[in-house]
Amino acid sequence: MKKTSLFLSWLLVLISFPSLSNAKELPRVAVWDLTPRNTPTSHAEELTSFLVSEITKLKKYEVYSQENVRTLAGWSAERMKLGCTDTKCLTALGQMDIAKLISGSVGKIGKRYTVSLNLFDTQNARAENAISKTCQSEDELIELIQASVRELLGES
């Protein structure tokens, strides 16, 4: 009877906390909001959502938004607007067990749209990868983000 009760207790714990039954935890990646450059802020916000969605679809990372990080770290909104490319900030993220940081921008130059993404390794406080891509129309930006994030993370 005790063995059955113990087994059921463990089973309940594993069902309640699936991460305990998963021997491999996913690395954490923080995604900063894309900076709009000569484009509407609403476009940058929407494209940031697509960026997060694409990373989540890979099922290789636990994704944290800029707002999630702000809350976890207790940083002010003003501090978050400064970005996070300096060693001190990257080290702070690394101490929060966030392995990677993705930041970037979406812009328009003439008739062309641009997407630039940067990947930082927070454990070593250094830039790891960066890409910039262009497209001809606003309608192509979603696909450009989707392809860019996969290339940035080596998933193309």
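All of the points below concern the structure found in this document. (Residues numbered from 1 in each chain as written. Predicted model: local features only at pLDDT ≥ 70, side-chain atom pairs only at ≥ 80, totals over all residues. Heavy atoms only, no water.)

1. Here's the deal with the pattern of salt bridges
Considering all chains together, one arrives at six salt bridges under this definition. Salt-bridge contacts for Glu54 lead to Lys57; the nearest nitrogen and oxygen are separated by 2.8 Å. In this pair, Glu54 and Lys57 are both assigned in helix α3 (residues 41–57), three residues apart and thus about one turn of the helix distant. Glu128 serves as the salt-bridge partner of Lys100, at 2.7 Å between the closest nitrogen and oxygen. Of this pair, Lys100 sits in strand β4 (residues 98–109) while Glu128 sits in strand β6 (residues 126–135); the two residues are 28 residues apart in sequence, bridging distant segments of the chain. Several salt bridges converge on common partners, so that one network encompasses Glu54, Lys57 and Arg150. (Salt bridge = Lys/Arg side-chain N within 4 Å of Asp/Glu carboxyl O. Helix = DSSP H or I, 4+ residues; strand = E, 2+ residues; numbered from the N terminus.)

2. Section: a negative patch on the surface
Together, Glu138, Asp139, Glu140 and Glu143 line one region of the surface with negative charge. Among the secondary structure elements, Glu143 is positioned in helix α7 (residues 141–152). (Patch = residues over 30% accessible without salt bridge, like charges linked within 9 Å, V, L, I, M, F, W, Y side chains within 5 Å. Areas by Shrake-Rupley, 256 points an atom, 1.4 Å probe, with all protein chains shown as cover. Lys, Arg positive; Asp, Glu negative; His and termini not counted. Charge placed at Lys NZ, Arg CZ, Asp CG, Glu CD.)

3. Examining the packing of α3 against α7
The contact between α3 and α7 brings their axes to 9 Å, and the two run at 40 degrees. Judged on the interaxial angle alone, α7 and α3 are oblique. As for the relative orientation of α3 and α7, their crossing is right-handed in sense. Facing α3, whose interface residues are Leu47, Phe50, Leu51, Glu54, Ile55 and Lys57, α7 presents Leu141, Ile142, Ile145, Gln146, Val149 and Arg150. Residue composition of the contact of α3 with α7, by class: eight nonpolar, one polar and three charged. (Axes fitted to C-alpha atoms, helices over the stretch in contact; angles between N-to-C directions. Parallel < 35°, antiparallel > 145°, perpendicular 65-115°, else oblique. Left-handed = near helix turned anticlockwise from the far one by under 90°. Contact = heavy atoms within 4.5 Å. Nonpolar A, V, L, I, M, F, W, Y, C, P; charged D, E, K, R; others polar.)

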